[in-house]
Each structure stands twice: as structure tokens, then as C-alpha cells.
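Coordinate inspection notes
Here is what each chain is made of, one letter per residue.
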Amino acid sequence: MPTTSLPRVALSRRGLPGNPAATLAPHAEVLEWPHERPPGPAELRELAADCDGLMCWIGDRIDAELLAGAPRLRVVGLASAGYDAVDLAAVRAAGVVVTNVPGVLHETTADLAFALMLMARRRLGAAVDAMRAGGWTDNRMDGFLGLDVTGATLGIVGFGQIGQAVARRAQGFGMRVIHHGGRSSGAGLSRRVDLDDLLQTADVVTLHVPLTDETRGLIGARELALMKPTATLINTARGGIVDEAALADALRAGRLHSAGLDVMTDEPRRDPADPLFGVPNLVVLPHVGSATEATRARMTDHAARNIIAVLSGGPALTPVPG
Ligand code: DGY
């Protein structure tokens, strides 16, 4: 039970960047998950049980079972922009406010999308692997030939903050930009097209939609077959948006030039022998899209300020939409 009259807030990770515990401390009794590893579902339920607020990170499931065991809970402050691990109907029914952190990570994530584009199209992952294996035997003129990013047609699926930040970067690469989705027409930056049109036209397709019932499996075998054999698929959004087996098949069969994934289904992937890691022309990264010191600190700070706002009786700064 709480030892002070302050509300109690649990952080589901220890040692978070930006030290949100210090931001919360004047407003709440702060309880930090004590281990390096993340809590499992039962441990998260236990952590949340006597809390008024909970700060969560990707992978933490907020569902009816957790909410039933946390009768005091008033706010779940996600330190992420994505909120696909939250059962929105259950939190609404429980009267719990859920907040996320839009507007603080889009530029950093857009940088990573470009890093993946360059890695995949220029075969940089294979080049680094070859170097490490002592494979730099000759400055061959035909070694590691890739495809240009400069001048290519970029298709952005999802034209929110991250998609638009990617479009701005594309100007510097002299890319022609088309997009699907989002509220913006893209005036001056991009032209809106339908999804099939985008898949057929783009040299690089980059995904920036949230994972929802509508976007789960959005890019499957049919969509991959629409893409050019010289095209590259980039996913920095969520794993479930792409059918990974269909992507692996397309890459192995040479029906797609390359792909870069920062996100996968069932993260994290701990097995070094994971079949996905061995797919040719596929660069995989461990969900580091927003992983810079400044951005991750902004994310936890914003999450802490959301929690403080709700526990102080005010509106959340950025409640999740819907
Ligand atoms: C998010 O915020 O949802 C990202 O995936 C984490 O960088």
C-alpha cells in the first residue's frame, strides 16, 4: 500500500532515458520495475496493481485483465507513439486515460527510415558483413553494386508526422514522392495516389501507418507482387503490417530487390538463427527508429508530463486518438 498521500506511479522499465522518475517525483510516489529485463504480463499486472499511474514501453500489454487487477489506475502513459498493445475498448470501459507521445520522435524515425533505405538499396549490410568476415580482397568494380536512392520514386504509406518528415528528407535526395493515406494532400511535397498505384510505381515503399485492424497484413503476397522487382520495402512502423513470410519469399525469389525492417512481429527476436535474419537483401534492425539519446529522453519526459496532467485532474496533453 502507498506510504504517502501522493498518487503512486509505476515505471515498467528501469533506468529509462531522461530520468522520468525525477520529473514525476514531486507529484507522485514512483515505483520502478527493478530488473534489467522487461516485466512479463503477470509481473506487469502485479506492478500496476496498487498504482494510480503506469508508464509503459513497447511490448507492455494493457488489457482487461491488467485493468481488472488495478482498480486505482487512472492513467497509462505510453512512452511510445504506437499504442497497438493497448486494448482501447477495455481502457475506455475501465475509465482509464491512455496517452502517447506523438510529435517528439518523427524526425528521428524519419532519419532511420532513410538509413534503412540506403542500407538496403546500397547493400551496405552485406558489405559490412563481408568486411567483418575478411572479405575485402579486392576493390572490384562490380563489388556490392546497389541501386540509387537519389532520383528514385518514393512511395510513403501513411502521411502523418513521420511520413511527412520522410517526404521532406526525400527532397534532398531529388526523389519524386507519392503517398497514400493521411489527411494532408502533400501539397508541394508529395502527390496522393491509391495504394496499388503507389506499389506499382514506387522504387522505394516506406510504411508509416499505425498497426490497427485495418493495417494488419496490409502488405501481403498480393501487394508485394505489385511492386517492381527493383523495388525496396522499408518498415519502421510495426511488424504486423507486413506479411514476413511473403516478404521472405519475394526476396528469396528475386521478385523484390531489397527490404529494411526496423520492426518485426513477435519482438524481440532473440534467436540468432531466426530464419528472417538469413533472408538475402533484407536488413533487420532491433526497433531503434527513435533511439537517440535526445529523442528517447523527450519521449519519457512527455509521458511523465501526460501522467502528471491526468493525476492533477487536468486533461492529458496527448491522449491516444479514438
Ligand atoms: C513508437 O514510439 O511507437 C516507436 O515504435 C518506438 O520508437
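Note that the structure is a prediction, hence the values are computed from the model and not measured.

About the thresholds
Residues numbered from 1 in each chain as written. Predicted model: local features only at pLDDT ≥ 70, side-chain atom pairs only at ≥ 80, totals over all residues. Helix = DSSP H or I, 4+ residues; strand = E, 2+ residues; numbered from the N terminus. Rg over C-alpha atoms; globule rule 2.2 N^0.38 Å. Buried ≥ 20, exposed ≤ 12 C-beta atoms within 10 Å, placed from the backbone. Contact = placed C-beta atoms within 7 Å. Near = placed C-beta within 6 Å. Nonpolar A, V, L, I, M, F, W, Y, C, P; charged D, E, K, R; others polar. UniProt positions renumbered as here; feature names shortened; annotations may be inferred. Pairing = 2+ DSSP bridges. Axes fitted to C-alpha atoms, helices over the stretch in contact; angles between N-to-C directions.

Quick word on the overall build of the protein
- Helices and strands together make up the secondary structure of the protein, namely 11 helices and 12 strands.
- Its C-alpha atoms give the protein a radius of gyration of 21 Å, near enough to 20 Å, the size a compact globule of 322 residues would have.
- Here the protein, with 322 residues, has 43% of them falling under the buried criterion.

Structural notes on the environment of Ala-110
- Structurally, Ala-110 can be placed in helix 5 (residues 106-121).
- Judged by the 24 C-beta atoms lying within 10 Å of it, Ala-110 falls in the buried class.
- Residues contacting Ala-110, with those up to four places away along its chain left out, are Ile-162, Ala-165, Val-166 and Arg-169.

Here's the deal with the site of the ligand
- Ile-58, Ser-80, Ala-81, Gly-82, Leu-105, Gly-289 and Ser-290 make up every residue found near the ligand.
- Class assignment for the residues of the shell around the ligand results in 3 nonpolar, 4 polar and no charged.

Overview of the UniProt feature "domain: D-isomer specific 2-hydroxyacid dehydrogenase NAD-binding" (unreviewed entry) in the protein
- Per the UniProt record, "domain: D-isomer specific 2-hydroxyacid dehydrogenase NAD-binding" (unreviewed entry) is found at residues 114-289.
- Helix and strand shares over residues 114-289 are 29% and 15% respectively, and the end C-alpha atoms of the span are 10 Å apart.

Points about the UniProt feature "domain: D-isomer specific 2-hydroxyacid dehydrogenase catalytic" (unreviewed entry) in the protein
- With numbering matched to this structure, UniProt assigns "domain: D-isomer specific 2-hydroxyacid dehydrogenase catalytic" (unreviewed entry) to residues 40-320.
- Helix and strand shares over residues 40-320 are 35% and 14% respectively, and the end C-alpha atoms of the span are 24 Å apart.

Quick look at the sheet that holds strand 5 (residues 97-99)
- If you walk across this open sheet you meet the 5 strands as 2-1-3-4-5, and the pairing is parallel. Where the open sheet ends on each side, the last strands, each with one partner, are strand 2 (29-32) and strand 5. Across this sheet, the average inter-strand angle for adjacent strands is 15 degrees, counted without regard to direction.
- Contacting strand 1 (8-11), strand 3 (53-56), strand 4 (75-78) and strand 5, helix 11 (residues 293-311) crosses the sheet at an angle of about 165 degrees to strand 4.

Remarks on the sheet that holds strand 8 (residues 191-192)
- Sheet architecture is open: 7 strands sit in the order 8-7-6-9-10-11-12, paired in parallel fashion. Of all the strands in the sheet, the pair left with one neighbour each is strand 8 and strand 12 (282-284).
- Relative to strand 7 (residues 176-180), strand 6 (residues 153-157) is paired through 5 bridges, and the arrangement is parallel. Across the sheet, residue Leu-154 finds its bridge partner in strand 7, namely Val-177.

Considerations on unusual backbone geometry
- Going from Glu-267 to Pro-268, the amide bond is cis rather than trans, its omega being -10 degrees.
- Checked against the element boundaries, Pro-268 lands in the loop between strand 11 (258-261) and strand 12.
- With phi around 60 degrees, Asn-281 is a residue other than glycine that occupies positive phi space.
- Topologically, Asn-281 is positioned in the loop between strand 11 and strand 12.
- Positive phi outside glycine occurs at His-287, with the angle close to 50 degrees.
- Among the secondary structure elements, His-287 is positioned in the loop between strand 12 and helix 11.

A closer look at the environment of Glu-43
- Within the element layout of this structure, Glu-43 appears in helix 2 (residues 41-48).
- Here the alpha-carbon distance between Glu-43 and Arg-296, two residues 253 residues apart in the chain, equals 24 Å.

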